[in-house]
Amino acid sequence: LVWSTQAFPDYSSPVVAGDVLYVACRKQTKPNEETNCRLVALDCKDGRELWRSDYLEPWIKNMIVLDGAVITNSNHVLRAWAPTGNVDKDGDADK
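Being a predicted model, the structure only gives us computed values, none of them experimental.

### Here's the deal with the overall build of the protein chain
Here comes step 1: Scanning the protein chain from N- to C-terminus turns up 0 helices and 7 strands.
Here comes step 2: Put simply, the protein chain runs from its N terminus to its C terminus through helices and strands in the order β-β-β-β-β-β-β.
Here comes step 3: Counting over 95 residues, the protein chain shows a buried share of 36%.
Here comes step 4: Intrachain contacts of the protein chain at a sequence separation of at least 6 include 31% that bridge at least 24 residues.

Structure (structure tokens):
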């Protein structure tokens, strides 16, 4: 084992681009509360978190990495995430 890290339950298949591993996960903090999603970028070499972005969405179903941007599909909305974790256009997620 080279490294491990704690993740929320219900996580997506990871996507690797270069030396960065991207994973999306979700959790419901309390019953009847909105679902929190998290998109996380980890260093492939040591598992160190590079950035994260939390936001209220049901789930990131699919993602790809293209030219450094993480493209996600969640709740019928496509988003392009900048390498810092902030949503590129028309989103409200922050690092």
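### Some thoughts on the sheet that holds strand β5 (residues 62-66)
Paired through backbone hydrogen bonds, the strands of a sheet run either parallel or antiparallel to each other.
Here comes step 1: Taken in spatial order, the 3 strands make up an open sheet running β5-β6-β7, and their pairing is antiparallel. Single-partner strands in this sheet number two, and they are β5 and β7 (77-81). Strand-to-strand, the axes of this sheet are offset by a mean angle of 20°, without reference to chain direction.
Here comes step 2: Relative to strand β6 (residues 69-74), β5 runs antiparallel, the two being bridged by 5 bridges. Residue pairing across strands places methionine 63 opposite threonine 72, the latter belonging to β6.

### Some details on the environment of valine 15
Here comes step 1: Mapping valine 15 onto the fold places it in strand β1 (residues 15-17).
Here comes step 2: On the accessibility criterion, valine 15 (18% relative accessible area) is buried.
Here comes step 3: Residues valine 15 and alanine 41, spaced 26 residues apart in sequence, show a C-alpha to C-alpha distance of 9.6 Å.

Rules used throughout
Residues numbered from 1 in each chain as written. Predicted model: local features only at pLDDT ≥ 70, side-chain atom pairs only at ≥ 80, totals over all residues. Heavy atoms only, no water. Helix = DSSP H or I, 4+ residues; strand = E, 2+ residues; numbered from the N terminus. Buried < 20%, exposed > 50% of the residue type's maximum accessible area, 1.4 Å probe, protein only. Contact = heavy atoms within 4.5 Å. Pairing = 2+ DSSP bridges. Axes fitted to C-alpha atoms, helices over the stretch in contact; angles between N-to-C directions.

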